[in-house]
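# Remarks on the overall topology
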Amino acid sequence: MRGKGAIWFLTITLILVSIYQLSFTYVSYRVKKQAKEYAKGDYQKEAAYLDSMANEVVYNFLGLKKYTFREVQQREINLGLDLQGGMNITMQISVEDMIRSLANNSDDTTFLKALELAKQRETTSNKDFITLFGEAFHELDPNARLATIFATSPQLKDKINFNSSDQEVLNVLRQEVQDAIDNAFNILRTRIDRFGVTQPNIQLLQGKTGRILVELPGVKDEERVRNLLQRTAKLEFYETYTYKDIYPLLLEADKKLSEILRAKQLGTDTTSAVSQPSLATEDTTKSLLDEAVAQDTLQQAQTLEQFQKEHPLFALLKPYVDENGNLIRQDYAAVGYALKRDMKKIDQYLSMPEIKALFPRDLKFAWTAKPAFWDKSGQVYELIALKTTRDGNPQLTGDVVVDARHEYNQIKGSAEVTMIMNAQGAQIWAKLTRANIGRQIAIVLDGLVYSYPTVQTEIKGGVSQITGDFTISEAQDLANVLKSGKLPVSVQIVELEHVGPTLGRESIRAGLLSFLIAFLVVLAYMVFYYRGAGLVSDVALLVNVFLIMGVLASLGAVLTLPGIAGIILTIGMSVDANVIIYERIKEELRNGKGLKLAIKDGYNAAYSAILDANITTLLTGIILFVFGHGPIQGFATTLIIGILTSLYTAIFVTRLIFDARLEKNKPITFWNKWTKDFMQNVKVDFLGKRKIFYVVSGILVTLSILSLFVNGLDLGVDFVGGRTYVIRFDNMKKVNTVEIAALVRKELKKMHVVKTYGYENQIKLITKYKIDDNEPGVESEIDSLIYVSLKPLLPEGLSLKEFTQNYVLSKQKVGPTIASDIKRAATYSVLFALLVIFLYIFIRFRNWQYGLGATVALIHDSLITIGVFSAFYKIMPFSLEIDQSFIAAILTVVGYSVNDTVIVFDRIREYLKLHPHRSSYINTNEALSSTLSRTVNTSLTTFFVLLVIFLFGGEVIRGFIFAMLIGVVVGTYSSLFVATPLSFDTIRSNEKKIELKKKAEEEKR
């Protein structure tokens, strides 16, 4: 072998670099172990210890360079959320809201319809929202011009005029939206950096505009994270009305609402014009109240249903009155209180035009951010009456806040936030507080009232506090968002995955166990089958794994459970290269060549097949990486790295070892007495039986298609959207899914699926309840509803927080838009993979018939695998959901199957060159027979590796591995009995046509 010195140098260098890269992982593990020992199970204490070590030197590399703990963490192998728990969130910045804002909330009919149409098309199109909006606007009215809508916007006055073309307007909008997205990204990144999460990851996603991926490993408090990320930090300061001012108007509103609802029930409309009211005096208030108490109170003999009909507003919004009907808290800005579940309904009532007209124009209602201090249930919130300026704005906004910090008030026993304003803000604040001494000023953040203190004196200097019975973490987060700045646009969580630490620890154990067992099985098998040469391949496999881990660490890649599966799979597939080489060497030895020459010729003869087989698999890995998402990209990353390192170790490392032994005249064995002539004298007439296998394949494919029509598929939330909860009942040995489904149905009110998942005391709950609702509080609401519905099955006294942290092992939300994008990406990835493989084989073998045979075989393999999932998903004791992982499995099956097929094609091509005068029928049959030993060896090792992962790798990837197990069996079958016979038939058919054409031409002559 030429260039041995350079290869030795490169190999040793790669090993040393891998050791260097992996040393950071070891040092980081050591520090984290110390933190666990120090904290003794206290997560907060552990996090505080690691934070304190961030800037401490923990690694002195050979005395040459010192690294702090933070620098070490940046260089270690990152564990995915499925291995350590945490949150993975995809956020969508609302481009639609941004465009509305840039249009100054125009009420132009064409503009509004175009926005709605663009929103509908977004779920089925690859184009960005602005392009879709422009197309929709032109379709609705070809003569309308966008400039007439956007030229009047104060934000765009210097960028758009009435003469601007539609394309120029769209370009400006696109730039404005991109600037807002970049700004939002920077603000979110600042918030996360201050949140104190170890190794957070935030990145703008390519493709559709406005998607941001946030990964927070190790995070447990989901609600806190959601609030931190979705809060726009729109801070406002309002003057307030008093309760005695507003109560008489609420009485009128209650009465008017009763009339409206009664009229709707009767099918008539009693809406009449309502004049703008003036505020009532205290005497008027007393007389109205006395009248209300005298005419109709709860103390009278009326049922609750009658009261709700007569007083629909007060049935939900409770007034501040004593048992005698007298007003209490008259000078407060709070005008009533309600249960959390009724707040939305009250908002709907108060926003009705007929009701809204009863109140002053400058009145604005807002709910408190936290439950009332006197409410022990934590479900009662107060409604605050805010007074706006003439144009409907607050008296002061948070733009004037230049700094904020959280502090702990020892006297009050709670945390608070201190704000510091700029000079202009300090001046306005002083004037505002001076004018409202003795009255309350409301501090509003993102539409919720955080506090409404009574002003005691004028506040000068622009320094003031926000109080509101905060915990330290709440005050810290509030100060964080105020200091980071206001988000320029609203953001919505469109995809969420939360993996609990318990599931993460179990995944690590399952992953490592399956890895160890599979690795040992492969090592033992190679030594058994190839003896001394098997030991050499084992050394290459060890180096291969070491290099994979080193490359992962150097790239900063994230290791996930599918990633571990990818590493294990590459181990199985890397054996293939060794098997191809060894089988070739065995052939040369049987032909009487000496050991040295046999090794040389064996390697030379194997290069072509090895490269073709691995390049096709590499192409599917690249397609997976490009179209994949999250863990699938992790799987693709390890697969790609594994293929490259496998090629290097199989071709070069093993050759170096062989050459070293040959130079020392040491023996090398490639067989034992059982494996020496294994399958060497087998002669199978594959082509003679091809019609039988055509029929068998036809039946299997037909049954698969019929199953798809009859049974359908168990589509996961990745493709249909929804929420998935994995819940384990530690207090039960076995769950009754029918009983659980009935309990959940009482609260969620919509179709959902409950099935046993993995263990008998573990379920997977899938629901589409409020999947289109992106309001900030909806996730907490659904968590609460599931907790309430399952409460009869939970230990007595278990709180909601304890339930979500200890019983909910993982949860996932996939919005409809994301689901649509995943489906589209999955379809493109499969079709693109088939096209790329067809083109590669066509170019490599210079014959389209080979490409056709391989592609048909791949479609055959995919359909049968999908058919098995369709036929058995209701029967199997494990999940056979069709999700992103399944698509990854299909593409991996495609890669594996074409790997096998290409090696057969390569041998056929070789036989046709060696025996050009022999019939193609004989050449093809003998080529197939000569590859049987390699096919059986590779298929068996890969199958055993996958079987180990299937048995020991955990429930999370069991369906994924099951698909690959089927694929290995079907792929091996199709390469022998579908791809090759079909290529043979199409080639022969084409040759017959050419012969007939030649005969016809000769006859004409």
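Our subject is the structure that appears above.
Residues numbered from 1 in each chain as written. Predicted model: local features only at pLDDT ≥ 70, side-chain atom pairs only at ≥ 80, totals over all residues. Heavy atoms only, no water.

### Thoughts on the overall build of the protein chain
When its secondary structure is counted, the protein chain shows 33 helices and 22 strands. Sequence-distant contacts in the protein chain: of pairs separated by 6 or more residues, those separated by 24 or more amount to 74%. (Helix = DSSP H or I, 4+ residues; strand = E, 2+ residues; numbered from the N terminus. Contact = heavy atoms within 4.5 Å.)

### So, the pairing of strand β4 (residues 86–93)
Where burial is concerned, most of β4 is hidden: 8 out of the 8 residues are buried. Burial of β4 is two-sided: the residues G86, N88, T90 and Q92 facing one way and the residues M87, I89, M91 and I93 facing the other way are all buried. Bridge analysis of β4 against strand β6 (residues 211–217) gives 7 bridges, and the strand direction is antiparallel. Counted as the bridge partner of M87 is L216 from β6. Pairing of β4 with strand β17 (residues 491–499), which is carried by 8 bridges, proceeds in the antiparallel orientation. By the bridge assignment for β17, I93 is matched with V491. (Buried < 20%, exposed > 50% of the residue type's maximum accessible area, 1.4 Å probe, protein only. Pairing = 2+ DSSP bridges.)

### Regarding helix α29 (residues 848–872)
Between the first and last C-alpha of α29 there are 36 Å, a value that for 25 residues agrees with the 36 Å anticipated at 1.5 Å per step. By the criterion of burial, α29 is predominantly enclosed, with 18 of the 25 residues buried. Where α29 starts, the residue carrying a side-chain oxygen 3.0 Å from the main-chain nitrogen of Q849 turns out to be N847. (Expected span 1.5 Å × (residues − 1). Polar contact = N/O pair within 3.5 Å; in protein donor to acceptor, adjacent residues only side chain to side chain.)

### A few points about the sheet that holds strand β19 (residues 722–728)
Taken in spatial order, the 8 strands of this open sheet run β5-β6-β4-β17-β22-β19-β21-β20, and their pairing is antiparallel. Because the sheet does not close on itself, it has two edges, and the strands there are β5 (201–204) and β20 (752–757). The average angle at which neighbouring strand axes cross in this sheet is 15°, direction not considered. Of the strand pairs in this sheet, β19 and strand β21 (residues 759–767) are connected by 6 bridges, and their pairing is antiparallel. Considered in β21, the bridge of Y725 is made with L765. Strands in contact with helix α25 (residues 737–748) are β20 and β21; relative to β20, the strand with the most contacts, it is inclined by about 150°. (Axes fitted to C-alpha atoms, helices over the stretch in contact; angles between N-to-C directions.)

### Some words on unusual backbone geometry
The backbone of L62 sits at a positive phi, close to 50°, despite the residue not being glycine. In this structure, L62 sits in the loop between β1 (57–61) and β2 (65–68). Relative accessible area serves as the criterion here: at 68%, L62 is assigned to the exposed category. With phi around 55°, N665 is a residue other than glycine that occupies positive phi space.

### Let's talk about the packing of helix α23 (residues 690–710) against α29
The interhelical angle for the contact between α23 and α29, taken along N-to-C directions, is 45°, at an axis separation of 8 Å. Classified by the angle their axes make, α23 and α29 are oblique. In this structure, α23 meets α29 at a crossing whose hand is left-handed. Of the residues in α29, those touching α23 at S697, L700, V701, S704, S707 and L708 are H860, L863, I864, I866, G867, S870 and A871. (Parallel < 35°, antiparallel > 145°, perpendicular 65-115°, else oblique. Left-handed = near helix turned anticlockwise from the far one by under 90°.)

### Some details on the pairing of strand β15 (residues 448–451)
By the bridge criterion, 3 bridges tie strand β14 (residues 441–445) to β15 in an arrangement that is antiparallel. Pairing of V444 across the sheet is with V449, part of β15. What sits between the antiparallel neighbours β14 and β15 is a turn of 2 residues, in which D446 has the positive phi angle 55°.

### A few points about the packing of aromatic side chains
Taken as a whole, this structure holds 38 aromatic pairs when the rule is applied. Between the aromatic rings of Y59 and F61, the centroid separation amounts to 6.1 Å while the plane-to-plane angle is 70°, which identifies the pairing as edge-to-face. Its relative accessible area of 13% is what places Y59 among the buried residues. Through a chain of ring-to-ring contacts, the aromatic side chains of Y525, Y529, Y530, Y582, Y603, F658 and F670 assemble into a single cluster. The aromatic ring of Y67 is capped on one face by K65, whose charged end is 5.4 Å from the ring centroid. (Phe/Tyr/Trp six-rings, centres within 6.5 Å; stacked < 30°, edge-to-face > 60°. Lys NZ or Arg CZ within 6 Å of the ring centre and 35° of its normal.)

### Remarks on the pattern of salt bridges
One pass over the structure, following the stated rule, counts 26 salt bridges. Residues E587 and R907 are paired through a salt bridge, measuring 3.2 Å at the closest nitrogen-oxygen approach. Remark: R907 occurs in helix α30 (residues 884–914) and E587 occurs in helix α20 (residues 561–590); sequence separation between them is 320 residues. Residue classification places R907 among the buried residues on the basis of a relative accessible area of 8%. One salt-bridge network, in which partners are shared between bridges, spans R584, E587, R907 and E910. (Salt bridge = Lys/Arg side-chain N within 4 Å of Asp/Glu carboxyl O.)

### Thoughts on the environment of D772
Within the fold, D772 resides in the loop between β21 and α26 (778–790). Linking D772 and V494, residues 278 residues apart in sequence, is a C-alpha distance of 9.1 Å.

### Some thoughts on a nonpolar patch on the surface
Among the surface-exposed residues, F832, L835, L839, F842, I843, W848, L852 and V856 lie close enough to one another that they form a single nonpolar patch of about 700 Å² accessible area. At the level of secondary structure, the elements contributing two or more residues to the nonpolar patch comprise α28 (816–845) and α29. With 5 residues, α28 is the largest single contributor of residues to the nonpolar patch. Along the polypeptide, L839 turns up in helix α28. Among the residues examined, L839 registers a relative accessible area of 39% and is labelled partly exposed. (Patch = residues over 30% accessible without salt bridge, like charges linked within 9 Å, V, L, I, M, F, W, Y side chains within 5 Å. Areas by Shrake-Rupley, 256 points an atom, 1.4 Å probe, with all protein chains shown as cover.)

### Some words on the nonpolar core
By size, the foremost hydrophobic cluster in this structure holds 126 residues, and its most contacted members are Y582, F658, I841, F960 and I961. Those residues in contact with F960, other than ones at most four positions away along the chain, are A565, F635, S885, A888 and A889. (Core = buried A, V, L, I, M, F, W, Y, C linked by side-chain atoms within 4.5 Å.)

### Digging into α25
Taking 1.5 Å of rise per residue, the 12 residues of α25 would be expected to cover 16 Å, and the 16 Å separating its terminal C-alpha atoms lies within 8% of that figure. Listed in full, the buried residues belonging to α25 are I740, A741, L743, V744 and L748. Take α25 and look down its axis: the buried residues cluster within an arc of 165°, on one side only. Across from the buried face of α25, at angles greater than 90 degrees, the exposed residues are V738 and K746. Structurally, α25 contributes buried residues whose contacts are with β20, β21 and α26. At the N-terminal end of α25, a side-chain oxygen is found 3.1 Å from the backbone nitrogen of V738, two or three residues along, and the residue is N736. (Arc of directions from axis to C-beta.)

### Points about the environment of T25
Topologically, T25 is positioned in helix α1 (residues 4–39). Accessibility expressed as a relative area gives 22% for T25, which makes it partly exposed. Distance in space between the C-alpha atoms of T25 and R75 is 7.4 Å, their sequence separation being 50 residues. What T25 contacts, discounting residues up to four positions off in sequence, is E76 and I77. A distance of 3.0 Å separates a polar atom in the side chain of T25 from the backbone nitrogen of I77.

### As for the side chain of T724
Within the element layout of this structure, T724 appears in strand β19. A residue is classified by how much of its surface remains accessible, and T724, at 8% relative accessible area, is buried. Ignoring sequence-local partners within four residues, the contact set of T724 consists of V717, K764, L765, I766, S810, K811 and Q812.

### As for the packing of α29 against α30
Taken N-terminus to C-terminus, the directions of α29 and α30 make an angle of 145°; their axes are 9 Å apart at the nearest point. Relative to α30, the crossing made by α29 is right-handed. Judged by residue contacts, Y850, A854, L858, D861, S862, T865, I866 and F869 of α29 engage F886, I890, V893, V894, S897, V898, T901, F905, I908 and L912 from α30. Tallied by class, residues from the contact of α29 with α30 come to 13 nonpolar, 4 polar and 1 charged. (Nonpolar A, V, L, I, M, F, W, Y, C, P; charged D, E, K, R; others polar.)

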